[in-house]
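# Coordinate analysis (summary)
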Amino acid sequence: MPVSGLVVTFNSPVDRHRETIELLENVPEIETGDFRNGKLAIVVDSPTRQRDQEIWDWVRQMPGVIDVAVAFVGFDDGQIHTGDE
Amino acid sequence: MNKRITTIFLSLVIAVAAIGYFVGIGDGVPLPDGFHDSPLVDHELKHAASGDAKLIEAVSYAEIADAEMGPTESWQLTAKTLPTQTYDLFAEIKPSEEEKLASSQTRSSRRAYNGAPPIIPHAIENTTDAACYSCHSNGMKMGSLKASVMSHQFLANCTQCHAPMAPPPFQNVDARVSTTFVGLPAPKAGKRAFPGAPPTIPHSQWMRENCLACHGGGNGWAGMESTHPWRSNCTQCHAPSASLDQAIVSETIPMLPPLEVAKE
Amino acid sequence: MMDAKRRSFMKATAMAAACSMVASDADFSLPVLNADDGLPDGDGLMWNKAPCRFCGTGCHVQVGVEDGRVVAIAGDKAADVNKGLLCVKGYHVGGILYGKDRLTKPLLRKDGELTEIEWDEAIDIVAKRIMDAPDKFAFYGSGQWTIPEGFAAQKFMKGGLGNNHIDPNARLCMASAVTGFLATYGVDEPAGCYADLDECDVLITWGNNPAEMHPVLFSRVTDRRSRGETVRIIDIGTRRTRTTDASNDYLEMKPHGDVAISLGIMHLLIENDSYDKSFVAKHCNFRGDEADTPTLHGEAITEEEFRKRIAKYTPEHVEELSGVPADKIRMLAELFGNHDIRITSLWCMGMNQHTMGTAINSLVHGVHLLSGHFGRPGDAPTSLTGQPSACGTVREVGTLAHALPGGRLVAKPDHRAQCEELWNVREGSINPMPGYHTVKMFEQFTKPTSEGGDINTLFVQVTNPGQTLPNLNTLFNDKEGLEDKFLIVSEVYPTATTRLADLILPAALWVEKNGMFGNSERRTQQWFKMVDPPGEARDDCWMTIAIAHRLFELGHEGMKNKDGEFIFAVKDDSGEEIPVWEFEHYYDTNVDKHLFEEYRAFTTMKHKNLAPYEEYVAARGLRWPVVEQPDGSWRETKFRFSGFDDPFVAEGQEFEFYHSSSNDGRAQIWFHEYAPPPEKPDAEYPFWLCTGRVLEHWHTGTMTRRVSQLSRAMPTSYVEMHAEDARAANIRQGETVVIESRRGVCELPVWIDGRGRPPRGTIFVPFFDETKLINNCTLEAHDPFSKQPDYKKCAVKVVKKSAVQAAPDEMVHS
């Protein structure tokens, strides 16, 4: 269950990308945070690594997005496995 | 009676002494200094530690003797190997225009103009050259993070040319500037003499001696990779520019005078 | 349960991390790949050479210009100084032209409000104020003046107005280096050049941090290590810096310890009999201070007397004075005693901004002379400069209150006569009394007229005294409210100085005008105007000429030469005068070239010969003396006073100091007694305060802080503090504290284990930030000979801001 804090960079100020941000906000795993100029902070809390990767790739494909950078990654796969056993 | 007074008096003395002792040791205890705090010693995490197989809960000095300090549940006899990417020199590479555009945009966002040394997109702390080289000499990838390869020879004093992000204590300081400077953009592609001809090198080769730093070798920029990384002599086919390289500056190409052909 | 709590905590942490990256990251400066919306596309790109605008290293850059704008910068591979490399400031130098708040219109303060006026009115106002009281006018200039700008200002003041109140900010920067050279060699500026850095086996940095301040020169040395050569770097300083990181030995000294260290080395060279006897016997004299009133000239002493005076500076005594262990003093003396190695010393502000600045400069020259580590490539005492033309404009053109061009002095009748002749002005035009030096000039300007403040109009060009003067409250801020004092500032951006200006003149910057600079190694450099200045910004040199012409029109006699013509008259080929005082005609000719050719005639007396202007157009700078060869070519000089290279050394001589102050071709080895600093930490003010610079910003930051890449890397000034000192005062990383001295206060965030690491009891503050003026705290005590103030040491206390707010009464200061 990875948790990651990401910085999404748009090609122009964030407020010109309302539609994209609404799309992001509609995804239950994504929380949006501060933005300034062309950068938006988001947190992705997804059940599996695969889903995390999917969201990551999806965000990168969004219109106006030119870069997605990692600010924080929570590695706690180990704990989940123990919990299951 | 006397005895009782003595007892009361003595108990009072003892009580005062005890309180004094605790007040005394309480007073001099240093406050948290904030220098070495890290998220890992945060209270919240401490609570979480009990449920985490990777963490050992701290115990008081008195309990040390009895506490189990052995390996945690997730301890393994042999270290897990980090997944390393194998680089296949001969894998087919199909750079797409979209990837190239995305890469160009990220590249440009880290430079004031084409040809400027890129900024360092992360904070650094008392970083020596050796610390920079450990990731950037051969490049490396970890998860989604990528350390780019140095495109030039080893040079001392990395921060002489590469501006870092703000130092950690000042990361929240507003450093925006209002400027009308517009830098030279990166070229989209080298020019070709005719369709199918090898493109010329559209940038200076100065400080970009290592072509594979950007154009291949497993650490290149997506969309800008060479489709033929096994060929190692790049300038055999791709012509550099004398003027961009500040090599020989000449307004016109010097030539012998044209043939004198007698007119009828 | 636990897991949910932990996850929410992790999410909060993740969000905080992401948000902080968003907050710390400035906007993109660069629109990407938009060739179709009128932005530069590289097709019409033109490259041209210019020296970098910033420090005294004098790197050459290639400036890429497209559609009338600077769009790119490259290191100039043809330049011998930097060989294609630059530093982070140099790579971003193009951005300094394009801050959104460029000044574009003359502004006059009327009833406290700044209002836009026309240039004609502005020139009128200045000229009339000068006309009303020519001797109450002062001109404050800069080591960033181009050579022609400085020469025009010099001629206008000394030749035209007969007023010597002209001084540059370089007084605060390298005046002690000048007096050190004069006292030692009888003539200013280094004998060696940057080629010494390629040859030295040992590099000693004396209170100097070239890894940040002269990075191109420093990496020229450290890159030799990457190539497999061995260079031993010895860092003598009062705090650990990036230079320390690269050094083999770090000798931490107490403030003023450098004086003791150099005396200690000389003592041991004599004691161990390891000094260079033949060099000293052939080429040196000994000199000491006069007993009653010491002067720069000093008096001759015998070698015996020198030995006697220096005898007490044993390694143990030096350890006591400097804090550097006796063994390390012996190590230094052993290195200097070894004639098989080459030793280069580097210094800059550490030795110059020093109340014993002249003394310590002379002493370090003395160490090199006594040991014979002089004049061979790699053996050099090398003083670096902080401004691009501190050497070219200030020291060579002589824009100082006591000097005339070409190493001449206003006090000498023959020097005045020569200048009057070369300028073709009336005999007796030049005033024999030296004018006010910087500190005195500002004292007289900020003092009310009724109390004897006899400067009432001050013209500031190309510098920012409202941020750089020491003890700002007294020397600058006191101007406020003085109705009859008039401050004129020529600037490119609003600064700490324009805050109090009565008239602001918008100036052209760097490649918006023609120019010439002179760097630290005697190299004179030239560039052409490449882009137009914004709005109505105009050249500083034009301002001086326009004001002079307005005075000429008003009938000021000094603005006419002996033939009754305007002193800055420029004629075209047909003999017609070109009206260069009208800006639309200023570029009808190359005024720089006319002024430079006039100036060249001044340079031969002190053998600082310059070549014709055209030679500099073709070259990436030339090091003087530049002498014409029989074949008509011009040859520069790398090693001055050395027979193998310097054309002015007599035939057959190995060395000759041909401007020796003792007139015998010899240099002077000085003895100066150690003296303690003027202010020391005590119980009330327990910390040493040292001020300085950082790699990313240049001087007062007015240019570099408008470049996003540089501003983002170092967004604010700060105070470096030792972790133990911070712990003792319960001060945390990033917390804002108040630095307080006897003279003023400054609030700054704390950086523990920061860029530099001062020892306990010392703090360091860079001065680039105009919102945090550390010069409110510094001391105006100055060197007796050079009049240069000491910015490197004074006593302060560090108070938690919360404590200050709780007890506001304590903060009241005079």
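Everything quoted here is computed from the prediction, not taken from an experiment.

Turning our attention to the overall build of chain B. What chain B contains, in helices and strands, is five helices and two strands. Listing the helices and strands of chain B from first to last along the sequence gives α-α-α-α-β-β-α. Expressed as a percentage of contacts within chain B between residues at least 6 apart in sequence, the contacts between residues at least 24 apart total 65%. With the model as given, the accessible surface of chain B reaches about 18,800 Å², and the carbon-plus-sulfur share is 61%.

Further remarks concern the overall build of chain C. Helices and strands together make up the secondary structure of chain C, namely 28 helices and 33 strands. Computed over C-alpha atoms, the radius of gyration of chain C comes to 27 Å, within 12% of the 28 Å expected from 2.2 N^0.38 for 814 residues, which places it in the range of a compact globule. Once the C-alpha set of chain C is aligned to its principal axes, its extents read approximately 85 × 80 × 60 Å. By the burial criterion, 66% of the 814 residues in chain C qualify as buried. The contacts of chain C with a sequence gap of at least 6 include a subset with a gap of at least 24, amounting to 71%. On chain C, roughly 26,400 Å² of surface is accessible, and the fraction owed to carbon and sulfur atoms is 49%.

Turning next to the interface of chain C and chain A. Between chain C and chain A, the contact holds 17 residues from the first and 31 residues from the second. Together, the buried faces of chain C and chain A total about 2,000 Å²; carbon and sulfur atoms form 67% of this surface. Ranking the residues of chain C by area buried against chain A places C:Arg7, C:Lys11 and C:Val22 at the top, with a combined share of 30%. Our enumeration of links across chain C and chain A arrives at zero residue pairs in polar contact (both at pLDDT 80 or more).

Below, the discussion takes up the domain arrangement of chain C. All names here are of chain C. Per the domain assignment, the segments making up chain C are domain 1 (48-98), domain 2 (107-173 + 398-491 + 504-523 + 530-589), domain 3 (175-383) and domain 4 (687-811). Facing the 22 residues of domain 1 at the interface are 13 residues of domain 2. Taken together, domain 1 and domain 2 are joined by one salt bridge. The partner of Arg-523 in a salt bridge is Asp-80, with the nearest N and O atoms 3.3 Å apart. The tally of links between domain 1 and domain 2 comes to five residue pairs in polar contact (both at pLDDT 80 or more). Within the residue set of the side of domain 1 that touches domain 2, elements represented by two or more residues are strand S1 (46-51), strand S2 (60-66) and strand S3 (69-75). No other element matches S1, which puts four residues into the side of domain 1 that touches domain 2. Of the residues contributing to the side of domain 1 that touches domain 2, the split by class is 12 nonpolar, six polar and four charged.

Next up on the list: the packing of aromatic side chains. Residue and element names in this part refer to chain C. For the coordinates displayed, the defined rule picks out 43 aromatic pairs over all chains. Note on Tyr-586 and Tyr-587: the rings are 5.2 Å apart at their centroids and 85° apart in plane angle, and the pair reads as edge-to-face. By the ring-pair criterion, three or more aromatic residues cluster together here, those being Phe-181, Tyr-185, Phe-279, Phe-374, Phe-641, Phe-648, Phe-655, Phe-657 and Tyr-658.

Residues C:Asp572, C:Asp573, C:Glu576 and C:Glu577 make up a contiguous surface patch of negative charge. Considering the arrangement of structural elements, one finds C:Asp573 in the loop between strand S22 (570-571) and strand S23 (577-578).

By definition, a disulfide is the covalent link that joins the sulfur atoms of two cysteine residues. The full count for this structure, using the stated rule, is zero disulfides over all chains. B:Cys234 takes part in no disulfide bond, and the closest cysteine sulfur to it belongs to B:Cys211, at a distance of 3.6 Å.

To continue, consider the interface of chain C and chain B. In this assembly, 83 residues from chain C lie in contact with 61 residues from chain B. Seen at the junction of chain C and chain B, the total is zero salt bridges. The interface formed by chain C and chain B contains 16 residue pairs in polar contact (both at pLDDT 80 or more). The set of elements that each furnish at least two residues to the side of chain C that touches chain B consists of helix H1 (2-24), S2, S3, helix H2 (88-91), helix H8 (215-226), helix H26 (708-713), helix H27 (723-728) and strand S31 (745-752) of chain C. Residue composition of the side of chain C that touches chain B, by class: 39 nonpolar, 22 polar and 22 charged.

Here the focus is the confidence of the model for chain B. Residues and elements named next belong to chain B. For chain B, mean pLDDT is 77; residues scoring 70 or higher make up 75% of the total. When pLDDT is averaged over each helix and strand of chain B, the minimum, 57, is found for helix H2 (residues 43-49) and the maximum, 88, for helix H5 (residues 212-215). Segment residues 26-41 is flagged for pLDDT under 50; beyond a separation of four residues in sequence, or across chains, it makes 14 contacts in the model.

Another point: the sheet that holds strand S14 (residues 380-383) of chain C. Residues and elements named next belong to chain C. Pairing is parallel in the open sheet, where five strands are placed in the order S10-S9-S8-S13-S14. Here the strands that pair on one side only, and so sit at the sheet edges, are strand S10 (249-252) and S14. Each strand of the sheet is rotated relative to its neighbour by a mean of 15°, with strand direction disregarded. Examined bridge by bridge, strand S8 (residues 202-206) and strand S9 (residues 232-237) share five bridges and lie parallel to one another. By the bridge assignment for S9, Leu-203 is matched with Ile-233. Its contacts with the sheet put H8 on S8 and S9, and the angle it makes with S9 is roughly 140°. The sheet contacts of helix H16 (residues 357-371) involve S8, strand S13 (343-347) and S14, and relative to S13 the element is tilted by about 175°.

This brings us to the pairing of S31(C). All names here are of chain C. In terms of burial, S31 is a largely internal element, six of the eight residues being buried. Inspection of the sheet shows strand S29 (residues 719-721) paired to S31 by three bridges, in the parallel sense. Among the inter-strand pairings, Val-719 is bridged to a residue of S31, identified as Val-750. Pairing analysis gives five bridges linking strand S30 (residues 736-740) to S31, with the strands arranged antiparallel. Each bridged residue has a counterpart across the sheet, and for Ile-739 the counterpart in S31 is Cys-746. From the end of S30 to the start of S31, which pair antiparallel, there are four residues.

Our focus in this paragraph is the pattern of salt bridges. Residues and elements named next belong to chain C. Evaluation of the coordinates by the stated rule reveals 54 salt bridges over all chains. Close ionic contact of Asp-124 with Arg-550 constitutes a salt bridge, the shortest N to O distance being 2.8 Å. You can see Asp-124 sitting in helix H3 (residues 119-132) and its partner Arg-550 sitting in helix H22 (residues 540-554), a full 426 residues away along the chain. Owing to a relative accessible area of 16%, Arg-550 belongs among the buried residues under this scheme. In this structure, Arg-742 and Glu-679 form a salt bridge, with 3.2 Å as the shortest nitrogen-oxygen distance.

Turning to a nonpolar patch on the surface, a few remarks are in order. All names here are of chain B. A surface patch of nonpolar side chains, about 400 Å² in accessible area, is lined by Phe-9, Leu-10, Val-13 and Ile-14. Mapped onto the elements, Phe-9 comes out in helix H1 (residues 2-27). For Phe-9, a relative accessible area of 52% gives the class exposed.

Turning our eyes to something else, we now look at the nonpolar core. The nonpolar side chains of a soluble globular protein tend to be buried, and buried together. Residues and elements named next belong to chain C. Counting 115 residues, the largest nonpolar core has Val-63, Phe-156, Trp-510 and Val-511 as the members making the most contacts within it. Per-element accounting of this core gives the leading share, eight residues, to H22. Residues within four places of Val-511 in sequence aside, it is in contact with Ala-50, Val-63, Val-70, Leu-97, Trp-527, Phe-528, Lys-529, Met-530 and Val-531. Residues Phe-286, Phe-306, Leu-369 and Ala-667 belong to the second largest nonpolar core, which totals 60 residues.

Here we come to the environment of C:Val617. Residue and element names in this part refer to chain C. Tracing the backbone through its elements, the reader meets Val-617 in helix H25 (residues 613-618). For Val-617, a relative accessible area of 23% corresponds to the partly exposed category. Between the alpha carbons of Val-617 and Lys-77 there is a distance of 16 Å; along the sequence they are 540 residues apart. Once you skip the residues sitting within four places of it in the chain, Val-617 turns out to touch Lys-49, Gln-526 and Phe-528.

In this section: the confidence of the model for chain C. When pLDDT is averaged along chain C, the result is 93; 96% of the residues meet or exceed 70. Below pLDDT 50 for its whole length, residues 25-38 of chain C participates in 35 contacts with residues either more than four positions away or in separate chains.

Conventions used here
- Residues numbered from 1 in each chain as written.
- Chains lettered and ligands numbered in written order.
- Predicted model: local features only at pLDDT ≥ 70, side-chain atom pairs only at ≥ 80, totals over all residues.
- Heavy atoms only, no water.
- Helix = DSSP H or I, 4+ residues; strand = E, 2+ residues; numbered from the N terminus.
- Contact = heavy atoms within 4.5 Å.
- Areas by Shrake-Rupley, 256 points an atom, 1.4 Å probe, with all protein chains shown as cover.
- Rg over C-alpha atoms; globule rule 2.2 N^0.38 Å.
- Buried < 20%, exposed > 50% of the residue type's maximum accessible area, 1.4 Å probe, protein only.
- Buried area = accessible area lost by both parts, 1.4 Å probe.
- Polar contact = N/O pair within 3.5 Å; in protein donor to acceptor, adjacent residues only side chain to side chain.
- Domains from an automatic or database assignment.
- Salt bridge = Lys/Arg side-chain N within 4 Å of Asp/Glu carboxyl O.
- Nonpolar A, V, L, I, M, F, W, Y, C, P; charged D, E, K, R; others polar.
- Phe/Tyr/Trp six-rings, centres within 6.5 Å; stacked < 30°, edge-to-face > 60°.
- Patch = residues over 30% accessible without salt bridge, like charges linked within 9 Å, V, L, I, M, F, W, Y side chains within 5 Å.
- Lys, Arg positive; Asp, Glu negative; His and termini not counted.
- Charge placed at Lys NZ, Arg CZ, Asp CG, Glu CD.
- Disulfide = S-S within 2.5 Å.
- pLDDT = per-residue confidence, 0-100.
- Pairing = 2+ DSSP bridges.
- Axes fitted to C-alpha atoms, helices over the stretch in contact; angles between N-to-C directions.
- Core = buried A, V, L, I, M, F, W, Y, C linked by side-chain atoms within 4.5 Å.

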